[in-house]
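An overview of the molecular structure
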Amino acid sequence: MDTEDTGEFLLPRSRMANERLHAVIPGGAHTYAKGDDQYPENLAPVISHGRGAHVWDVDGNRYIEYGSGLRSVSLGHAHPRVIEAVRRELDRGSNFVRPSIVEAEAAERFLATVPTAEMVKFAKNGSDATTAAVRLARAATGRPRVAVCADHPFFSVDDWFIGTTPMSAGVPAATNELTVAFPYGDLAATEELLSRHRDEIACLILEPATHTGPPPGRRPRPSTPDPTPGYLAGLRELADRHGCVLIFDEMITGFRWSEAGAQGLYGVVPDLSTFGKALGNGFAVSALAGRRDLMERGGLRHPGDRVFLLSTTHGAETHSLAAAMAVQTTYVEEGVTARLHALGERLAAGVRDAAASMGVGDHVVVRGRASNLVFATLDENRRPSQRYRTLFLRRLLAGGVLAPSFVVSGALDDADIDQTVDVVAQACAVYRKALDAADPTPWLGGRPVKPVFRRLA
Ligand SMILES: Cc1ncc(COP(=O)(O)O)c(C=O)c1O
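Residues numbered from 1 in each chain as written. Predicted model: local features only at pLDDT ≥ 70, side-chain atom pairs only at ≥ 80, totals over all residues. Heavy atoms only, no water.

Another point: the overall build of the protein chain. In terms of helices and strands, the protein chain carries 15 helices and 13 strands. Relative to the compact-globule value of 23 Å for 457 residues, the protein chain shows a C-alpha radius of gyration of 22 Å, a close match. Seen through its C-alpha atoms, the protein chain measures out along the principal axes to roughly 75 × 55 × 40 Å. Buried positions account for 53% of the 457 residues belonging to the protein chain. Here the protein chain carries 50 positive and 54 negative side-chain charges, and the mean point of each set is 3 Å from the other. (Helix = DSSP H or I, 4+ residues; strand = E, 2+ residues; numbered from the N terminus. Rg over C-alpha atoms; globule rule 2.2 N^0.38 Å. Buried < 20%, exposed > 50% of the residue type's maximum accessible area, 1.4 Å probe, protein only. Lys, Arg positive; Asp, Glu negative; His and termini not counted. Charge placed at Lys NZ, Arg CZ, Asp CG, Glu CD.)

Written out as structure tokens, the structure reads:
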């Protein structure tokens, strides 16, 4: 074993805590993406608490954290302005038998932040919002099929999407048949799909701009964090021409691309859009927003068939709505999206330099928009490799960096970024040795990390 390996970096308490989690919670986590199978064997920290950009595990180790709360904690943990707003509401009651005035304030505030939408309805999970968008599109068009972007990894926990993944057990084939897929960035292929299923497709749903390259096995398209010029406008035109609803899933892009989402940045207005994640800085709040005439189908002010549009017990929870308002105020007053971009740019430049100087610039590859960076770990043949990812993650963890991605939060400072880059440089030195050996096995410490979506455990 290499002397520079993670050596005595062990997590005995986290190991025990993972056992406890698996004994009582299927998957040992409340999101598969947080599962210990996503981390090197026996190096899956269980978190005790977090503050700002740092978290501590139950073994007492401190980490610089990236991708906090599955990208939901974009201001950092326990952000003072958010916590203060939440605390104020906690003392005033959190849910009532009638709507509270906080709901009107939160909706007005959201629509001021995202002016391309005319109405908004809140819920708790992103999936509720995307599923509601799909139902509304089906009701409005009278069409059964849903077209999802094939190059985006996740839209909902519900059957219309999960049926398209390798974990489709439990989803009836009849449901699957109603979901069809289109490639990101390819208007001709999308037009062909819409023509093939003429008058059957209710909506096109996609993330406006998180595409970072094709998954393995798919034909290559340009790897850029921005849509190619004219793409979103072209999709808008296609949706209009074919009479289907254009849905932007802004769960990730909202509050990372700009305060007004990717639609605010690129100037293309969808019919419906969905927000969540960073909207509440870790408090549970999601949103379905869009055109008034569509959204009103779920209201009481139209003569047609009513659509059951997001009706949830907890959607009205006052302190989460207060958190969302505080997030929006903080973003505007503190220029948070600009800060996220600046931090990400510093990190991306540092990691690229570190990788190049260690001779792995073609193997440790940073991709994506600066506010939403991911990394690829490529093997000797420049193919994506879970084994090299395992090596890389082990070195990062041992260096005090918890980074399944390089998605920044605004709580990071330059010292955190510089420390991360130092740790990455050390990891890259080991990566180079493994490439030279043409086999990372001695540096894995056990089984490789696994993909989230797979048929068998
Ligand atoms: C793009 C996108 N849409 C929808 C969702 C679902 O959100 P939630 O986990 O809050 O249901 C996610 C979650 O990761 C997502 O990334």
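Our next topic: unusual backbone geometry. Positive phi outside glycine occurs at Asn281, with the angle close to 45 degrees. Topologically, Asn281 is positioned in the loop between strand S9 (272-275) and strand S10 (286-290). One non-glycine residue, Leu310, lies in positive phi territory at about 50 degrees. Inspection of the secondary structure assignment puts Leu310 in the loop between helix H11 (292-295) and helix H12 (318-334). Using a relative accessible area of 8% as the deciding quantity, one classes Leu310 as buried.

What surrounds the ligand is the set Asn125, Gly126, Ser127, Phe154, Phe155, Glu207, Asp249, Met251, Ile252 and Lys277. One nitrogen or oxygen atom from the main chain of Phe154 is found 3.4 Å from a nitrogen atom belonging to the ligand. Asp249 is positioned with one of its side-chain polar atoms (N or O) 2.6 Å from a nitrogen atom of the ligand. Looking at the shell around the ligand residue by residue, the classes come out as four nonpolar, three polar and three charged. (Near = heavy atom within 4 Å. Polar contact = N/O pair within 3.5 Å; in protein donor to acceptor, adjacent residues only side chain to side chain. Nonpolar A, V, L, I, M, F, W, Y, C, P; charged D, E, K, R; others polar.)

Another point: the sheet that holds strand S13 (residues 401-402). The strands that make up a sheet pair up through hydrogen bonds in the backbone, lying either parallel or antiparallel. The mixed open sheet is built from four strands, whose spatial order is S1-S2-S3-S13. In this open sheet, the two edge strands, each paired with only one partner strand, are strand S1 (47-51) and S13. In this sheet, strand S2 (residues 54-57) lies alongside S1 in antiparallel orientation, the contact comprising four bridges. By the bridge assignment for S2, Gly50 is matched with Val55. Taken strand by strand, helix H15 (residues 414-437) contacts S2, strand S3 (62-65) and S13, and its axis lies near 100 degrees from that of S3. (Pairing = 2+ DSSP bridges. Contact = heavy atoms within 4.5 Å. Axes fitted to C-alpha atoms, helices over the stretch in contact; angles between N-to-C directions.)

Another point: the nonpolar core. Among the nonpolar cores identified, the biggest contains 67 residues, and Tyr66, Phe110, Phe122, Leu347, Phe392, Leu396 and Phe406 are the most heavily contacted of them. Here the element with the most residues in this core is H15; it accounts for eleven residues. (Core = buried A, V, L, I, M, F, W, Y, C linked by side-chain atoms within 4.5 Å.)

Right, let's talk about the packing of helix H3 (residues 80-90) against H12 for a bit. Packing of H3 against H12 brings their axes to within 8 Å, and their N-to-C directions diverge by 150 degrees. Here H12 runs roughly antiparallel to H3, going by the angle between their axes. The two elements H3 and H12 meet at a crossing, and its hand is right-handed. Counted together, Arg81, Val82, Ala85, Val86, Glu89 and Leu90 of H3 and Thr318, His319, Ala322, Ala323, Ala326, Val327, Thr329, Thr330, Glu333 and Glu334 of H12 form the full contact between these two elements. Here the contact of H3 with H12 is built from residues that sort into eight nonpolar, four polar and four charged. (Parallel < 35°, antiparallel > 145°, perpendicular 65-115°, else oblique. Left-handed = near helix turned anticlockwise from the far one by under 90°.)

The subject of this paragraph is the packing of aromatic side chains. Counting across every chain of the model gives 14 aromatic pairs. Between Tyr66 and Phe406 the ring centres are 5.8 Å apart and the planes differ by 80 degrees, which places this aromatic pair in the edge-to-face class. Placement of the pair is Tyr66 in the loop between S3 and helix H2 (68-71) and Phe406 in the loop between S13 and H15, with a sequence separation of 340 residues. For Tyr66, a relative accessible area of 1% translates into the label buried. By relative accessible area, Phe406 is classed as buried at 0%. Grouping aromatic residues by their ring pairs yields a cluster made of Tyr66, Phe375, Tyr388, Phe392, Phe406 and Tyr431. (Phe/Tyr/Trp six-rings, centres within 6.5 Å; stacked < 30°, edge-to-face > 60°.)

What follows covers the sheet that holds S9. What the seven strands build is an open sheet, ordered S4-S10-S9-S8-S7-S5-S6; its pairing is mixed. Both edges of this open sheet fall to strand S4 (119-123) and strand S6 (179-182), since each of them pairs with a single strand only. Strand-to-strand twist of the sheet, defined as the mean angle between neighbouring strand axes without regard to direction, takes the value 20 degrees. In this fold helix H9 (residues 231-242) packs onto S6, strand S7 (201-206) and strand S8 (245-249), with an angle of close to 170 degrees to the strand it touches most, S7.

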